[in-house]
Amino acid sequence: MALAGRRRGLKCLAGAALAGALPGAALAQASSAPASASVSAAQAKRRRLVSLSGALTEVVYLLQAQDQLVGTDTTSLYPEAARRTAKVGYVRQLSAEGLLSLRPDAVIGTSEAGPPVVLEQIRQAGVRVALVPSRHNWAEVQEKVAVVGRETGRAQQATALMAQLDAQWAGVQAQVAQATRKPRVLFILAHSGSPMVAGRGTAAQALMAYAGAANVIDQFEGYRPLTAEALASAAPEVIISTTQGIEALGGETAFWQRPELALTPAYAKKALVALEASHLLGFGPRLPGAVQALHLRTLQWVA
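Keep in mind that this is a model prediction, so the values were computed, not measured. (Residues numbered from 1 in each chain as written. Predicted model: local features only at pLDDT ≥ 70, side-chain atom pairs only at ≥ 80, totals over all residues. Heavy atoms only, no water.)

**Q** Where do I start with the sheet that holds strand S1 (residues 49-51) in this structure?
**A** Neighbouring strands of a sheet are bound in pairs by backbone hydrogen bonds; such pairs are parallel or else antiparallel. Spatially, the 4 strands line up as an open sheet ordered S2-S1-S3-S4, and their pairing is parallel. Strands with a single pairing partner mark the edges of an open sheet, and in this sheet they are strand S2 (69-72) and strand S4 (128-132). On average, each strand axis in the sheet is inclined to that of its neighbour by 20°, with strand direction left out of account. One ladder, built from 3 bridges, connects S1 with strand S3 (residues 106-110); its direction is parallel. Residue leucine 49 lies in a different strand from S3, and its bridge partner there is alanine 106. Where helix H7 (residues 138-152) meets the sheet, its contacts fall on S1, S3 and S4, and the angle it forms with S4 comes to roughly 160°. (Pairing = 2+ DSSP bridges. Helix = DSSP H or I, 4+ residues; strand = E, 2+ residues; numbered from the N terminus. Axes fitted to C-alpha atoms, helices over the stretch in contact; angles between N-to-C directions. Contact = heavy atoms within 4.5 Å.)

In structure tokens, the structure reads:
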């Protein structure tokens, strides 16, 4: 009974947030169906959309559907216009009230969005939620394009965009396959708190592999702090990070002043490759360019 009462209260809260904002017919049509459910093009083009993924936001703009975009998460920084959209918070720390205040018909994101209870609240409010599993592969990019095409009523344009991206991806992978050298690399994530290094099962690991580089960290999964001794033993030739991470550590000069880095082969040449975080790790439509840039720049350091 207590659970039922909480659910009724939640629905009342969602209704209050949406009351007077959406026509009754539109609210009745808002669906909490799975991402695979069909939506007519006419319905989709009238939708108010919130994106919880920088990569998905990029696709919205590429499909010229940004007029439907009423809000985005804080990772949605590209293109520049996305920075000026209403922000609903960090993708892993969302609130139902903030999202519902934008009166969305649909929310798109990845399986990294959360917490799960908030997404369930959004669904119970009658808002469609379409999430793409984060698999860190090219199929994930393809699914992101397809989901945005479906949810914005631009499936045909999405098919054409995917054909272009598939051609780019094939070209980059052919270029990487021609390399005769696999640089030994280490990825450092340092957006906040203590710097962490990327192990198996991470977006960084997948990116390094696609770029033809060998991750020197394979003894654990996820991100962990690494001791100076272990860093010296790993012996990376090149350090990879994000521009935001380097800025958080005080800039490139301050980065190389960290004593543990002096124990690595990368230190002698100050071999660092840094790209903007959403470009590097977003697994969106710019992934071919990110892989190509990482591939060429790491090879330059070990030439």
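Now that the structure has been shown, the text picks up again.
**Q** What is the right way to read the environment of proline 265 from this model?
**A** Position of proline 265 among the secondary structure elements: in helix H13 (residues 265-269). For proline 265, a relative accessible area of 41% corresponds to the partly exposed category. For the pair proline 265 and proline 236, spaced 29 residues apart in sequence, the C-alpha to C-alpha distance is 6.1 Å. Not counting chain neighbours up to four residues away, the residues in contact with proline 265 comprise Ala235, Pro236 and Glu237. (Buried < 20%, exposed > 50% of the residue type's maximum accessible area, 1.4 Å probe, protein only.)

**Q** Honestly, the side chain of threonine 57 in this entry has me stumped. Any pointers?
**A** Mapped onto the secondary structure, threonine 57 falls in helix H4 (residues 54-62). Using a relative accessible area of 0% as the deciding quantity, one classes threonine 57 as buried. Apart from the residues lying within four places of it in its own chain, the contact partners of threonine 57 are Ser51, Leu69, Thr72, Ser76, Tyr78 and Ala82.

**Q** Looking at this model, I keep getting lost on unusual backbone geometry. Mind explaining?
**A** Note: most peptide bonds trans; most residues except glycine with negative phi. Following tyrosine 78, the chain continues to proline 79 via a peptide bond in cis, the omega torsion being 0°. Examined against the element boundaries, proline 79 turns out to sit in the loop between S2 and helix H5 (96-100). In this structure, proline 115 follows glycine 114 across a cis peptide bond, with omega equal to 5°. Mapped onto the secondary structure, proline 115 falls in the loop between S3 and helix H6 (116-124). For histidine 136, which is not a glycine, the phi torsion comes out positive at approximately 60°. Positive phi outside glycine occurs at alanine 235, with the angle close to 55°. Take alanine 235: it is sitting in the loop between helix H10 (228-234) and strand S9 (238-242). Taking the relative accessible area as the measure of exposure, alanine 235 reaches 23% and is therefore partly exposed.

**Q** Explain the packing of H7 against helix H8 (residues 155-177) to me, please; I cannot follow it from the model alone.
**A** In a packed pair of helices, the relevant descriptors are the angle between the two axes and the axis-to-axis distance. Contact geometry for H7 and H8: axes closest at 8 Å, N-to-C directions at 160°. The angle between H7 and H8 places the two elements in the roughly antiparallel class. Relative to H8, H7 is oriented so that their crossing is right-handed. Between H7, through Trp138, Val141, Gln142, Val145 and Gly149, and H8, the contact on the second element is made entirely by Ala155, Ala158, Leu161, Met162, Leu165, Asp166 and Trp169. Of the residues that constitute the contact of H7 with H8, the class distribution is 9 nonpolar, 2 polar and 1 charged. (Parallel < 35°, antiparallel > 145°, perpendicular 65-115°, else oblique. Left-handed = near helix turned anticlockwise from the far one by under 90°. Nonpolar A, V, L, I, M, F, W, Y, C, P; charged D, E, K, R; others polar.)

**Q** Just checking my understanding: could you explain the pairing of S4 for this structure?
**A** Sheet faces and side chains relate simply in a regular strand, where the side chains alternate between the two faces. Of all 5 residues in S4, 4 are buried; the element is thus mostly enclosed. Note: S3 against S4, 5 bridges, orientation parallel. Bridge pairing in S4 links glycine 109 to leucine 131. Handedness of the crossover joining S3 and S4 through H6 is recorded here as right-handed. (Right-handed = clockwise from strand over helix to strand, strands pointing away.)

**Q** So what exactly am I meant to see when it comes to the layout of surface pockets here?
**A** The computed volume of the largest pocket comes to approximately 890 Å³. Taken together, 34 residues make up the lining of the largest pocket; nearest its centre are Thr75, Tyr90, Arg92, Glu112 and Leu281. The biggest single contributor to the lining of the largest pocket is helix H14 (residues 277-281), with 3 residues. For the lining of the largest pocket, the class distribution of residues is 13 nonpolar, 15 polar and 6 charged. (1 Å grid on protein atoms, 1.4 Å probe; cavity = no way out; pocket = protein on both sides within 12 Å on 5 of 7 lines; lining within 4 Å. Points joined across faces, edges and corners; volume = space filled by probe spheres on them.)

**Q** Would you mind going over H8 with me for this structure?
**A** In an α-helix there are 3.6 residues to a turn, and that puts residues three or four apart on one side. Taking 1.5 Å of rise per residue, the 23 residues of H8 would be expected to cover 33 Å, and the 32 Å separating its terminal C-alpha atoms lies within 8% of that figure. Along H8, the positions that sit buried rather than exposed are Ala158, Leu161, Met162, Leu165, Trp169, Val172 and Val176. Here the buried face of H8 lies against H4, H7, helix H9 (203-210) and helix H15 (287-302). (Expected span 1.5 Å × (residues − 1).)

**Q** Sorry if this is basic, but what is going on with the pattern of salt bridges here?
**A** Think of it this way: side chains of opposite charge can pair up when their charged atoms draw near. Counted by the stated rule, this structure contains 13 salt bridges. In this structure, glutamate 58 and arginine 286 form a salt bridge, with 2.8 Å as the shortest nitrogen-oxygen distance. Residue glutamate 58 is found in helix H4, and its partner arginine 286 is found in the loop between H14 and H15; the two are separated by 228 residues along the sequence. Notably, a salt bridge pairs arginine 286 with glutamate 276, separated by 3.9 Å at the nearest N-O pair. Taken together, the positions of arginine 286 in the loop between H14 and H15 and glutamate 276 in the loop between strand S10 (272-275) and H14 put the pair 10 residues apart, joining distant regions of the chain. Connected via shared salt-bridge partners are Arg47, Arg128, Arg150 and Glu151. (Salt bridge = Lys/Arg side-chain N within 4 Å of Asp/Glu carboxyl O.)

Function-wise, these values are silent; they only describe arrangement.
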